[in-house]
Amino acid sequence: MIIRQATGSDADAIATLLSKSFLEDTAIVRVSIENNPRYSLSNMYVIEDKGLSEKIAGCLRITPFEICTRGIKSTMAGIAAVAVQPEVRRRGIAEALMEEALRKMYEMSYPVSMLFPFKHHFYKKFGYAYVGNMMLYEFSPNNLMNFEERRFVRPFTKADKGKVKKVLAQEVQSHGSFTPIRTDVFWDLVVMPKFKDAYVYDSGEVRGYVVLEFYKETNSVNGQPGGQAINIKELVALDASAHRGLWGFLGALGEQVNRIRYMAPADYPLHAFLKEPRERDYRRLFFEYKTFSTLASGFMLRVINVHESLRSLRHALEAPADFVIRVKDGNLPQNSQNLNVHVHNGETTVEETRRPLQFETEIGIFSQIYSGFLKPSDALRYGFASGEPGVVQKLDELFKAPAPFIYQYDIF
Ligand SMILES: CC(C)(COP(=O)(O)OP(=O)(O)OC[C@H]1O[C@@H](n2cnc3c(N)ncnc32)[C@H](O)[C@@H]1OP(=O)(O)O)[C@@H](O)C(=O)NCCC(=O)NCCS
């Protein structure tokens, strides 16, 4: 069994394998792997095993991203296009590819990796952990409040291109949490062509925008297309007035549209813009409770290099923090060291130590803590970590972050 980087001569075989595995047209897949603004064929790895198959038995891609978290830019390796020929599945080929990918990402100095799993259970074995929650809201536009600021909303025009790019960049810089930074070329080739039903909030300066996709609801009685509905593909607002303006504008579409569907960051306060905190076809669970949204579980994250990930934390803690941590990592044993972490005035130093441990956990739990998804004190409380309560309180403050979030156009 050999695993190697793909070359141009593998393009046909990879396109056939991916189209078979993801049920997409081979010609389209071929164009997308050869002319992609995010990656090239050299980001693909293939596995060959002549005993099993004459063809390439499987492949995966390590896509390089720049992300922003807690106001700091860093790199991230996105795992995607994991596929194995149907006739040689369940023989450990994808597992071998993943083990090799972990070694490669460590060599390439990536602090973290993320992926959208077909099955969380499969990737857990490799230290990836669930961190990507989204709230799927479906509500009537008539449930939105009538915000006056909607008068500043107007249709997007080509002249707004640079302005909306700036709005997103500013939002990701201030509130991004493991959020990919969208490159200019990706904006121009992939996202801009989708700005067909787009509106900007312009109160003298463009401070927000929304991109819509119209679709027909399915009639629940006969499955036929029903009323008109809107899917919000992207909504970005830089201040309170822009949020109110964009929601006010969407509320005014009530005569035309039955339903608005919005997949929001898990911590987005949508209730603040609605008259009633309930979804369109809400169920009354008890007299006192009504359903409001569906929690959607998405991407996973893995810290690849524990030392680097800790070093890149720049936190303005009021008092200096000093603690000894150990993260057990069966796939990358280099990570399993006792590390002394010292945080002061936004600078963090990390070094190996023999001092006694104050916090210990395994790589999946550490990845959830690092991403801000799980509080260290909750890890302790539910038995996912061991540690000194005094230190854990400090760690809660240190690892605090908004819910990890990836915009829909940036899903990989
Ligand atoms: C998902 C996919 C890549 C898995 O490839 P694979 O080579 O079959 O994966 P593996 O053999 O390494 O592991 C699959 C399962 O078989 C098990 N397995 C491995 N060797 C085995 C063996 N000799 N006998 C029985 N089971 C075995 C693994 O433990 C694993 O079980 P788990 O799902 O409970 O963890 C493949 O099914 C595929 O291409 N699917 C379509 C595309 C897709 O969904 N890709 C994932 C995108 S995130």
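Residues numbered from 1 in each chain as written. Predicted model: local features only at pLDDT ≥ 70, side-chain atom pairs only at ≥ 80, totals over all residues.

Observations regarding the overall build of the protein
For step 1, the next point in the chain: Along its length, the protein carries 11 helices and 20 strands.
For step 2, the next point in the chain: Taking 22 Å as the expected radius of gyration for a compact globule of 412 residues, we find that the protein reaches 23 Å, a close match to that expectation.
For step 3, the next point in the chain: The principal-axis extent of the C-alpha atoms belonging to the protein is close to 65 × 60 × 50 Å.
For step 4, the next point in the chain: Residues classed as buried in the protein amount to 37% of the 412 residues present.
For step 5, the next point in the chain: Within the protein, contacts between residues separated by at least 24 positions form 71% of all contacts whose residues are at least 6 apart in sequence. (Helix = DSSP H or I, 4+ residues; strand = E, 2+ residues; numbered from the N terminus. Rg over C-alpha atoms; globule rule 2.2 N^0.38 Å. Buried ≥ 20, exposed ≤ 12 C-beta atoms within 10 Å, placed from the backbone. Contact = placed C-beta atoms within 7 Å.)

Considering the nonpolar core
For step 1, the next point in the chain: Ranked by internal contacts, the top residues of the largest apolar core, which has 108 residues, are Ile14, Cys59, Leu97, Tyr209, Leu246, Met300 and Leu301.
For step 2, the next point in the chain: Ranked by residue count, the leading element in this core is strand β3 (residues 56-69), at 8 residues.
For step 3, the next point in the chain: Excluding its chain neighbours within four sequence positions, the residues that come into contact with Tyr209 are Phe156, Val164, Val167, Ala198, Tyr199, Val200, Tyr201 and Val236. (Core = buried A, V, L, I, M, F, W, Y, C linked by C-beta atoms within 7 Å.)

As for the packing of helix α1 (residues 11-22) against helix α2 (residues 26-34)
Helix-helix packing: each pair is described by the crossing angle between the helix axes and the interaxial distance.
For step 1, the next point in the chain: Relative orientation of the contacting elements α1 and α2 amounts to 125°, with a least axis distance of 8 Å. With respect to α2, the element α1 is oriented oblique. Between α1 and α2 the crossing geometry is right-handed. Together, Ala11, Ile14, Ala15, Thr16, Leu18 and Ser19 of α1 and Thr26, Val29, Arg30, Ile33 and Glu34 of α2 make up the contact between the two elements. (Axes fitted to C-alpha atoms, helices over the stretch in contact; angles between N-to-C directions. Parallel < 35°, antiparallel > 145°, perpendicular 65-115°, else oblique. Left-handed = near helix turned anticlockwise from the far one by under 90°.)

Concerning the sheet that holds strand β13 (residues 259-265)
For step 1, the next point in the chain: The 7 strands lie next to each other as β8-β10-β11-β12-β13-β7-β14, forming an open sheet whose pairing is mixed. At either margin of the open sheet sits one strand with a lone partner, and together these are β8 (153-155) and β14 (294-297). This sheet shows a mean twist of 30° between the axes of neighbouring strands, independent of strand direction.
For step 2, the next point in the chain: Against the sheet, helix α5 (residues 161-175) contacts β10 (197-202), β11 (206-218) and β12 (225-237), and its axis sits at roughly 95° relative to β11.
For step 3, the next point in the chain: Sheet contacts for helix α7 (residues 240-251): β8, β10, β11, β12 and β13; angle to β11, the most-contacted strand, approximately 30°. (Pairing = 2+ DSSP bridges.)

Description of the site of the ligand
For step 1, the next point in the chain: Of all residues adjacent to the ligand, which total 17 residues, the nearest are Val84, Arg89, Ile93, Ala94 and Glu95.
For step 2, the next point in the chain: Listed by contribution, the elements that provide at least two residues to the shell around the ligand are α1, β4 (72-84), α3 (93-107) and α4 (120-124).
For step 3, the next point in the chain: Here the residues of the shell around the ligand are counted per class, giving 9 nonpolar, 4 polar and 4 charged. (Near = placed C-beta within 6 Å. Nonpolar A, V, L, I, M, F, W, Y, C, P; charged D, E, K, R; others polar.)

A short note on the domain arrangement of the protein
For step 1, the next point in the chain: Domain boundaries in the protein define domain 1 (2-110), domain 2 (135-297) and domain 3 (303-398).
For step 2, the next point in the chain: Computed over C-alpha atoms, the centres of domain 2 and domain 3 are 36 Å apart. (Domains from an automatic or database assignment.)

Considerations on unusual backbone geometry
For step 1, the next point in the chain: Positive phi is not limited to glycine here, since Arg70 has a value of about 50°.
For step 2, the next point in the chain: Assignment of secondary structure puts Arg70 in the loop between β3 and β4.

What about the pairing of strand β19 (residues 359-362)?
For step 1, the next point in the chain: Alternating residues of β19 divide into Phe359 and Thr361, all buried, and Glu360 and Glu362, none buried.
For step 2, the next point in the chain: Pairing of β19 with strand β20 (residues 385-387), which is carried by 3 bridges, proceeds in the antiparallel orientation. Bridged to Thr361 within β20 is Ala385.

Brief notes about the sheet that holds β20
For step 1, the next point in the chain: Strand order in the open sheet formed by 5 strands is β18-β17-β16-β19-β20, and the pairing between neighbours is mixed. The outermost strands of the open sheet, each flanked by one partner alone, are β18 (347-352) and β20. Averaged over all neighbouring strand pairs, the angle between strand axes comes to 20°, with direction disregarded.
For step 2, the next point in the chain: Looking at chain direction, strand β17 (residues 338-344) and β18 are connected through 6 bridges and run antiparallel. Of the residues in β18, the one forming a bridge with Leu339 is Glu352.
For step 3, the next point in the chain: Docked against the sheet, helix α9 (residues 363-370) engages β16 (321-328), β19 and β20, running at close to 110° with respect to β19.
For step 4, the next point in the chain: Here helix α11 (residues 389-398) sits on the sheet and contacts β16, β17, β19 and β20; the angle it forms with β16, its principal contact strand, is near 90°.

A few points about the environment of Met108
For step 1, the next point in the chain: With respect to the secondary-structure elements, Met108 resides in the loop between α3 and β5 (112-115).
For step 2, the next point in the chain: You can call Met108 partly exposed: it has 13 C-beta atoms within 10 Å.
For step 3, the next point in the chain: For the pair Met108 and Arg354, spaced 246 residues apart in sequence, the C-alpha to C-alpha distance is 28 Å.

Digging into α5
For step 1, the next point in the chain: Between its first and last C-alpha atoms α5 spans 21 Å; for 15 residues at 1.5 Å apiece the expected length is 21 Å, and the two agree.
For step 2, the next point in the chain: Every buried residue belonging to α5 is among Val164, Val167, Leu168 and Val172, and all of these are buried. The buried residues of α5 occupy one face: seen down the axis, they fall within an arc of 125°. For α5, exposure combined with an orientation more than 90 degrees from the buried face picks out Gly162 and Ser174.
For step 3, the next point in the chain: Elements that come into contact with the buried residues of α5 comprise β3, β9 (177-180), β10, β11 and β12. (Expected span 1.5 Å × (residues − 1). Arc of directions from axis to C-beta.)

Concerning the environment of Glu205
For step 1, the next point in the chain: On the secondary structure map, Glu205 appears in the loop between β10 and β11.
For step 2, the next point in the chain: Using a count of 11 C-beta atoms within 10 Å as the deciding quantity, one classes Glu205 as exposed.
For step 3, the next point in the chain: For the pair Glu205 and Pro180, spaced 25 residues apart in the sequence, the C-alpha separation amounts to 25 Å.

Topic: the environment of Asp410
For step 1, the next point in the chain: Take Asp410: it is sitting in the segment after α11.
For step 2, the next point in the chain: With 21 C-beta atoms counted inside 10 Å, the residue Asp410 sits in the buried group.
For step 3, the next point in the chain: Each residue touching Asp410, except ones within four places of it in the same chain, is listed here: Pro180 and Arg182.

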